8 protein chains.
Amino acid sequence: MPTPYVRLDTTDAAVLLVDHQAGLLSLVRDIDPDKFKNNVLALGDLAKFFKLPTILTTSFETGPNGPLVPELKELFPDAPYIARPGNINAWDNEDFVNAVKATGKKQLIIAGVVTEVCVAFPALSAIEAGYEVFVITDASGTFNEITRYAAWDRMTQAGVQLMTWFGAACELQRDWRNDMEGLATLLSNHIPDYRNLMTSYNKLTGQ
Amino acid sequence: MPTPYVRLDTTDAAVLLVDHQAGLLSLVRDIDPDKFKNNVLALGDLAKFFKLPTILTTSFETGPNGPLVPELKELFPDAPYIARPGNINAWDNEDFVNAVKATGKKQLIIAGVVTEVCVAFPALSAIEAGYEVFVITDASGTFNEITRYAAWDRMTQAGVQLMTWFGAACELQRDWRNDMEGLATLLSNHIPDYRNLMTSYNKLTGQ
Amino acid sequence: MPTPYVRLDTTDAAVLLVDHQAGLLSLVRDIDPDKFKNNVLALGDLAKFFKLPTILTTSFETGPNGPLVPELKELFPDAPYIARPGNINAWDNEDFVNAVKATGKKQLIIAGVVTEVCVAFPALSAIEAGYEVFVITDASGTFNEITRYAAWDRMTQAGVQLMTWFGAACELQRDWRNDMEGLATLLSNHIPDYRNLMTSYNKLTGQ
Amino acid sequence: MPTPYVRLDTTDAAVLLVDHQAGLLSLVRDIDPDKFKNNVLALGDLAKFFKLPTILTTSFETGPNGPLVPELKELFPDAPYIARPGNINAWDNEDFVNAVKATGKKQLIIAGVVTEVCVAFPALSAIEAGYEVFVITDASGTFNEITRYAAWDRMTQAGVQLMTWFGAACELQRDWRNDMEGLATLLSNHIPDYRNLMTSYNKLTGQ
Amino acid sequence: MPTPYVRLDTTDAAVLLVDHQAGLLSLVRDIDPDKFKNNVLALGDLAKFFKLPTILTTSFETGPNGPLVPELKELFPDAPYIARPGNINAWDNEDFVNAVKATGKKQLIIAGVVTEVCVAFPALSAIEAGYEVFVITDASGTFNEITRYAAWDRMTQAGVQLMTWFGAACELQRDWRNDMEGLATLLSNHIPDYRNLMTSYNKLTGQ
Amino acid sequence: MPTPYVRLDTTDAAVLLVDHQAGLLSLVRDIDPDKFKNNVLALGDLAKFFKLPTILTTSFETGPNGPLVPELKELFPDAPYIARPGNINAWDNEDFVNAVKATGKKQLIIAGVVTEVCVAFPALSAIEAGYEVFVITDASGTFNEITRYAAWDRMTQAGVQLMTWFGAACELQRDWRNDMEGLATLLSNHIPDYRNLMTSYNKLTGQ
Amino acid sequence: MPTPYVRLDTTDAAVLLVDHQAGLLSLVRDIDPDKFKNNVLALGDLAKFFKLPTILTTSFETGPNGPLVPELKELFPDAPYIARPGNINAWDNEDFVNAVKATGKKQLIIAGVVTEVCVAFPALSAIEAGYEVFVITDASGTFNEITRYAAWDRMTQAGVQLMTWFGAACELQRDWRNDMEGLATLLSNHIPDYRNLMTSYNKLTGQ
Amino acid sequence: MPTPYVRLDTTDAAVLLVDHQAGLLSLVRDIDPDKFKNNVLALGDLAKFFKLPTILTTSFETGPNGPLVPELKELFPDAPYIARPGNINAWDNEDFVNAVKATGKKQLIIAGVVTEVCVAFPALSAIEAGYEVFVITDASGTFNEITRYAAWDRMTQAGVQLMTWFGAACELQRDWRNDMEGLATLLSNHIPDYRNLMTSYNKLTGQ
């Protein structure tokens with residue numbers, strides 16, 4: 001029996017950004033670095049735009065894994081920030097789980113580095129804990145296609161929904177009329193092709 | 001328990017073409033534009049050939065998304081045409097759902113741009129509403145392979161059947177003898193390799 | 001609940017070769033033609049080696065689709081050969097279904113051209129009819145990767161097991177000791193790398 | 001109903017290395033040989049690091065398939081070593097199954113060559129026998145992407161969890177603090193990018 | 001010493017279309033068939049638009065190579081048409097060379113199937129005969145990338161200039177103002193992305 | 001006889017940015033749009049950083065080709081800006097050539113859309129006019145790899161040097177000590193991997 | 001100054017097959033093994049068909065490199081066979097050079113394994129010795145694309161002409177009428193798509 | 001006029017390893033990191049094996065570029081080591097040029113990171129200074145294929161010979177008999193496929 005349609009809802013979703021650290025990012029080779037950086041920041045902007053509670057977490061950021069990329073830190077200066085001392089699965093960290101619980105949300109949007117570990121582990125744990133889990137595939141990176149698709153298979157077997165930052169933005173927005181300019185700005189800042197459409201449109205319509 | 005074989009049936013199928021708009025098409029980069037244009041027009045011709053009720057819909061066609069590609073408009077001058085004022089998921093638009101209901105069909109053949117949004121959202125909603133949903137993968141386009149396969153996974157989890165325009169044409173036709181020339185023309189117009197076979201065949205057999 | 005392990009068994013399996021026709025083969029572009037030809041003939045040799053009842057069928061072979069490739073005809077001169085007059089799904093053809101029933105086998109090994117039609121349609125029908133279905137993915141060809149993987153998804157949703165000719169050969173053989181030379185010959189004839197291993201081995205061991 | 005999260009556990013897992021033989025390795029063409037060698041040895045080192053009982057098995061190692069690669073033999077001098085006289089599915093070999101049982105573990109981590117046979121067959125049998133099965137996709141190799149993904153589909157249908165050596169290492173480790181230096185050494189030896197991070201880090205921190 | 005810039009000139013160029021035959025086209029696998037068909041027809045339309053003398057030639061069109069694709073025949077009903085009885089290199093055919101000479105042009109634009117034979121041979125001969133040769137790479141097709149690039153290397157060594165139909169159209173046109181609507185129509189008919197730009201532009205400007 | 005090493009020199013180089021227009025950019029499909037946008041802006045920043053005279057030019061920017069992307073316009077508010085009324089080859093436009101001459105530079109760094117036309121044409125003309133020409137390959141885009149490499153071959157035959165924005169930046173800079181922070185900022189803004197190195201470095205060294 | 005057109009000529013060409021040995025073939029990963037085997041045998045058949053003197057040579061065939069593949073040995077039972085005791089560049093072996101001289105031919109068609117060594121070295125030496133050298137790119141294999149194209153660049157710099165077995169066959173044949181059936185058989189045996197054309201043609205014309 | 005065959009010669013060649021630094025390596029994305037690490041170490045071992053004078057150089061190793069990878073430092077403890085304070089082109093550094101001159105060699109084998117800068121710049125300078133330059137393409141890495149092939153084109157225009165570490169090893173060795181075991185060890189350590197051949201060979205011959 002197929003699963004019912006579980007839609008992302010701005011009133012019930014939180015964002016978990018896991019281990020987007022300067023060192024770990026050098027391991028990501030299944031997405032081009034320019035594109036990946038853009039996708040991660042797009043997801044960050046999405047969280048801000050929809051005012052979703054967002055939780056940042058890192059693994060050993062004082063070691064070779066390196067610090068969280070500064071752009072995310074600046075984007076969420078007041079977000080719960082759990083620098084895990086050693087737990088690989090963020091869900092094994094009590095502070096992290098408490099921060100998730102504190103949001104009071106049932107839907108978790110997760111992205112991170114690398115996909116089969118920092119994303120898949122907490123995603124599987126969250127499913128087990130009863131959450132609805134949405135993984136943002138294009139803001140999550142890993143070594144290569146084999147590792148990516150193996151992780152996807154494991155997660156979908158468990159009931160995770162695979163999405164993209166653009167899909168999540170559209171599903172959360174529901175209707176352009178909710179904030180047309182806001183959504184257009186988000187898309188224009190992160191989809192060059194869309195920005196070009198807007199540039200030409202604005203020129204011709206005198207905006 | 002695997003799902004039973006649900007076959008497309010000309011007497012019970014409708015076609016939904018979602019957001020094939022001149023601006024949005026510039027976002028499609030997982031299929032070559034020559035091939036994609038051909039696939040979309042093939043699906044249109046298929047709908048005409050099998051006389052399937054067809055519904056056109058667009059999103060913000062007065063803005064940067066641009067107008068529906070003229071070929072589809074010309075192909076279906078009398079089809080219901082729902083220019084959605086803001087709903088991203090076409091299924092959130094009452095007129096659209098009413099148009100679907102008005103067809104009286106149970107099977108929905110859906111294609112559109114982009115796959116993870118304009119196709120996946122109404123596909124998931126239609127499943128939820130009790131329809132049998134068939135997504136035409138090669139007449140639906142999106143940003144890249146990650147976004148395509150993430151969308152496929154989400155849709156198949158929900159029970160959507162993934163097809164192609166050629167597969168749909170063959171399943172609807174059932175038997176060449178139902179209209180041999182009609183099907184041959186459809187294939188010849190949209191599959192260059194098949195047209196070449198017919199060219200050589202006709203030459204040698206004096207047709 | 002995952003499906004139990006259904007193993008191919010020489011005493012209970014039949015092979016269905018669907019529409020490997022000279023014209024239709026020009027449509028196959030998801031596998032290199034040298035490799036595809038080799039895979040199809042390997043599957044033919046496999047059927048002979050394991051003495052599996054084999055059924056040949058074609059679609060419109062007097063038209064542009066062209067005749068069955070001669071190698072298969074020669075390999076199975078006495079096999080049931082159903083030249084379908086118009087049914088696209090071979091399972092819609094009574095003679096074909098009767099030929100399948102006449103084998104008395106429960107496991108069907110299917111390959112053909114193109115994957116999403118000539119293979120997927122009878123595979124889905126056979127599942128519905130209660131057979132255990134194994135599709136030989138690398139002896140089945142189609143237009144491109146999108147059409148291949150869409151067909152795979154639809155078939156696996158229905159319970160088809162996806163295999164390869166090599167996997168099928170090994171699962172049917174069970175134990176090299178059942179006929180070591182026979183299996184070695186089959187592999188040597190169709191896997192150049194394996195033939196090279198045998199060439200070097202035989203040289204060094206004086207064979 | 002999605003499967004629950006079954007986590008790898010050092011106290012309950014054994015490793016099965018199937019047919020990584022010098023001759024058979026020439027058949028592996030879906031992973032670059034430098035990378036594949038590294039992945040296999042990484043899995044071996046992982047087994048040592050976590051002190052997981054490990055079983056080696058080969059198929060016809062006196063014939064063209066060739067001997068087990070010496071590195072694995074040296075890594076596990078005292079491991080059960082089942083040189084199968086003819087069984088293709090290692091699970092058909094009583095000694096092998098007894099060796100597995102003797103470990104007393106419920107979780108089996110399997111890798112081998114080639115994926116759709118030497119890995120998939122015992123994986124499916126082990127599932128049937130009640131084990132929890134984790135296939136290390138990147139330490140398993142085969143002919144090409146078609147054969148790889150067909151094997152993956154068959155295994156996931158049956159409930160196998162697809163993983164990678166890195167994912168398995170991280171899931172087994174649970175917490176860096178369990179043995180920080182040990183894990184860092186494992187990663188540094190098998191992930192050049194990670195080694196580079198450590199090199200730069202150590203330089204700057206004077207280690 | 002680099003070669004000087006030799007520009008295509010409408011007053012001095014002829015087009016040679018070599019062996020675009022229904023049968024031979026099934027050999028072309030380095031370009032997608034939809035795209036290749038479009039490129040060939042674009043080149044044909046280009047020749048018409050710039051009123052360049054055009055010569056058609058075929059090899060054994062009564063045999064398996066098949067007839068010239070009908071679209072080209074219809075496009076150039078009055079063009080010299082040399083059905084070569086056996087010469088593989090069209091330049092070995094006296095009628096063909098005479099037809100070329102009769103154009104009185106010094107620049108030859110060549111495309112055909114397959115690149116390393118039907119294109120490269122006459123291209124090399126024409127260079128030797130003192131012509132300036134421009135090969136339209138994307139309206140010439142062959143088996144795969146190895147054969148394509150080997151042919152390119154041989155031709156560039158001899159002084160052939162590699163171009164594309166779009167590049168040739170732009171170089172011949174020189175200035176949009178020479179016939180703005182004509183060029184726009186050519187591009188719109190063969191570049192879907194450009195057609196989309198025009199569709200959106202026309203909509204917004206009320207054309 | 002190979003060409004001597006002609007090095008880019010800040011005192012003798014000018015930058016020509018040709019037709020990076022919002023509409024035309026939708027034609028670029030040989031580079032991912034995120035990466036391409038980054039490369040173009042990196043080239044712009046490079047020109048600013050080295051204070052190279054820069055010339056902007058567009059083709060029909062009031063039509064479907066669309067306006068120059070705003071980022072470039074903002075970056076060079078005072079640069080010569082030649083909106084060509086119809087010349088396809090910018091070098092056919094007298095104002096453009098005069099602007100180039102007015103720079104007094106001998107080395108021209110060119111990038112644009114699309115490579116085989118807007119870049120190759122003026123590059124070939126400039127070579128003919130006696131300039132040393134350096135094409136920035138990764139800030140120039142076109143339809144696909146065939147069109148890209150055909151353009152490269154034609155340009156290198158004529159003596160153009162193919163470079164990248166990063167290569168040009170490094171060759172112009174000569175020595176990090178000329179402005180260490182300036183170069184580091186340029187690289188950090190346009191190479192995510194390099195930014196990550198700096199992030200980790202700065203963290204560890206307390207900067 | 002471009003090189004003149006040097007055409008292969010049956011009266012002046014010899015074929016050198018270098019190191020197609022069972023062991024070395026496992027190193028070839030830039031061409032699929034099924035395709036590569038076919039190309040090598042096609043080149044052998046071509047040499048037989050045109051009665052070109054052919055020379056076989058191997059490197060250390062008693063060691064791990066393994067024996068010459070038996071098919072080539074059987075195809076040329078009386079050809080000079082130089083089992084080089086140690087020279088890596090076949091041209092460094094006096095017997096080999098003498099065998100080449102003994103053919104009295106000026107044009108050398110070379111193929112072998114691996115491209116950048118066993119092919120490139122004698123090709124460069126033969127150029128230096130005054131021969132016209134044609135390398136059959138698709139019957140020569142190596143580790144990957146980087147090694148392939150680096151070897152191509154080095155060879156073309158030195159004046160080697162890059163060809164394919166099909167191109168060589170067509171250039172040697174000159175005219176189908178020289179032996180229509182012979183050439184058709186050669187093509188049919190090694191180009192599945194061409195064989196299919198012939199199968200369909202023969203069927204329709206009653207042959 | 002093609003260039004004559006310039007062969008690498010152990011008595012006249014030196015190796016320059018440029019900027020293989022832990023930080024810069026994270027920029028290399030045109031070769032898989034496992035393979036690239038292997039290629040670089042293979043080149044190092046080659047230099048040792050042939051006793052070629054070797055020069056190490058780095059750029060800003062105290063900054064984000066990071067230190068030389070330790071393996072190279074350990075391999076050449078006594079080699080000239082030029083830590084350039086700022087020159088990007090190593091040839092602009094007097095100490096480096098002096099170290100090159102001090103070797104007294106005329107042939108320079110160069111590899112480094114990244115190809116279009118750290119390799120191409122000194123390669124072009126060395127050509128200008130009268131050296132024969134051989135670039136080891138597979139031990140040189142950069143951002144992507146565009147940057148790789150642009151760099152190759154620029155270097156071959158200037159007369160650089162593109163090679164691979166394996167090609168260089170074979171050209172330097174000339175004859176297996178010069179040191180059969182030494183070369184076999186080098187190949188076995190860096191080519192897994194070759195090691196497998198030796199493993200099987202040794203087993204069968206009792207070594």
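Because the structure is predicted, anything quoted here is derived from the model rather than measured.

Caption draft 1: Spatial organisation of the pairing of strand β3 (residues 81–84) of chain G. Residue and element names in this part refer to chain G. Taking every second residue as pointing to the same face, the buried face of β3 carries I82 and R84, while none of Y81 and A83 on the other face is buried. Pairing of strand β2 (residues 54–59) with β3, which is carried by four bridges, proceeds in the parallel orientation. Bridge pairing in β3 links T58 to A83. What joins β2 to β3 is helix α2 (residues 70–75), and the crossover it makes is right-handed.

Caption draft 2: Structural context of the relation of the copies chain A and chain D. Between chain A and chain D, which share one sequence, the superposing operator has a rotation angle of 90 degrees and an axial displacement of 0.0 Å; the RMSD is 0.0 Å. Expressed as an axis order, the relation between the two copies is that of a four-fold axis. Interface overlap between copies: only 6% of the residues of chain A at the interface are likewise at the interface in chain D, consistent with a contact formed by different surfaces.

Caption draft 3: Just the interface of chain G and chain C, in detail. In this complex, chain G contributes 24 residues to the contact, which on the side of chain C involves 24 residues. Summed over both partners, the interface of chain G with chain C buries about 2,100 Å², with 52% contributed by carbon and sulfur atoms. Contact with chain C buries surface across chain G, with D34, P192 and N196 of chain G losing the most and accounting together for 24% of the total. Taken together, the connections running from chain G to chain C amount to six salt bridges. We note a salt bridge from R195 of chain G to E71 of chain C, for which the minimum N-O separation is 2.8 Å.

Caption draft 4: Focus on the sheet that holds strand β5 (residues 132–136) of chain D. All names here are of chain D. With parallel pairing, the six strands of this open sheet are ordered in space as β3-β2-β1-β4-β5-β6. Taken across any chain shown, the strands that pair with only one partner, and hence form the sheet edges, are β3 (81–84) and β6 (161–163). The mean inter-strand angle of the sheet, taken between neighbouring strand axes irrespective of direction, is 25 degrees. The pairing of β5 with β6 spans three bridges and is classified as parallel. If you follow V135 over to β6, its bridge partner there is L162. Sheet strands touched by helix α3 (residues 94–103): β1 (13–18), β2 (54–59), β3 and β4 (107–112). Its angle to β2, the strand with the most contacts, is close to 170 degrees. Packing against the sheet, helix α6 (residues 165–173) makes contact with β4, β5 and β6, and its axis sits at approximately 100 degrees to β6.

Caption draft 5: Structural detail: the domain arrangement of chain A. Residues and elements named next belong to chain A. In terms of domain boundaries, chain A breaks down into domain 1 (13–174) and domain 2 (176–207). The distance between the C-alpha centroids of domain 1 and domain 2 comes to 27 Å. Contacts between domain 1 and domain 2 engage eleven residues on the former and ten residues on the latter. Summing both partners gives a buried area of about 910 Å² for domain 1 against domain 2, and 66% of it is carried by carbon and sulfur. The interface formed by domain 1 and domain 2 holds zero salt bridges in total. The tally of links between domain 1 and domain 2 comes to three residue pairs in polar contact (both at pLDDT 80 or more). Contributions of two or more residues to the side of domain 1 that touches domain 2 are made by α1 (33–49) and α6 (165–173). A breakdown of the residues in the side of domain 1 that touches domain 2 according to their chemical character gives seven nonpolar, two polar and two charged.

Caption draft 6: The arrangement of the packing of helix α7 (residues 180–190) of chain D against helix α8 (residues 192–204) of chain D in detail. Residue and element names in this part refer to chain D. Two elements in contact, α7 and α8, have axes whose closest approach is 5 Å; the angle formed by their N-to-C orientations is 120 degrees. Accordingly, the angle class assigned to the pair α7 and α8 is oblique. Our pair here, α7 against α8, has a crossing hand that is left-handed. Only P192, Y194, R195 and M198 of α8 make contact with α7, whose side of the interface consists of A184, L187, S188, N189 and H190. The residue inventory of the contact of α7 with α8, partitioned by class, reads five nonpolar, three polar and one charged.

Criteria and cut-off values
- Residues numbered from 1 in each chain as written.
- Chains lettered and ligands numbered in written order.
- Predicted model: local features only at pLDDT ≥ 70, side-chain atom pairs only at ≥ 80, totals over all residues.
- Heavy atoms only, no water.
- Buried < 20%, exposed > 50% of the residue type's maximum accessible area, 1.4 Å probe, protein only.
- Helix = DSSP H or I, 4+ residues; strand = E, 2+ residues; numbered from the N terminus.
- Pairing = 2+ DSSP bridges.
- Right-handed = clockwise from strand over helix to strand, strands pointing away.
- Least-squares fit on C-alpha atoms with pLDDT ≥ 70 in both.
- Contact = heavy atoms within 4.5 Å.
- Buried area = accessible area lost by both parts, 1.4 Å probe.
- Salt bridge = Lys/Arg side-chain N within 4 Å of Asp/Glu carboxyl O.
- Axes fitted to C-alpha atoms, helices over the stretch in contact; angles between N-to-C directions.
- Domains from an automatic or database assignment.
- Polar contact = N/O pair within 3.5 Å; in protein donor to acceptor, adjacent residues only side chain to side chain.
- Nonpolar A, V, L, I, M, F, W, Y, C, P; charged D, E, K, R; others polar.
- Parallel < 35°, antiparallel > 145°, perpendicular 65-115°, else oblique.
- Left-handed = near helix turned anticlockwise from the far one by under 90°.

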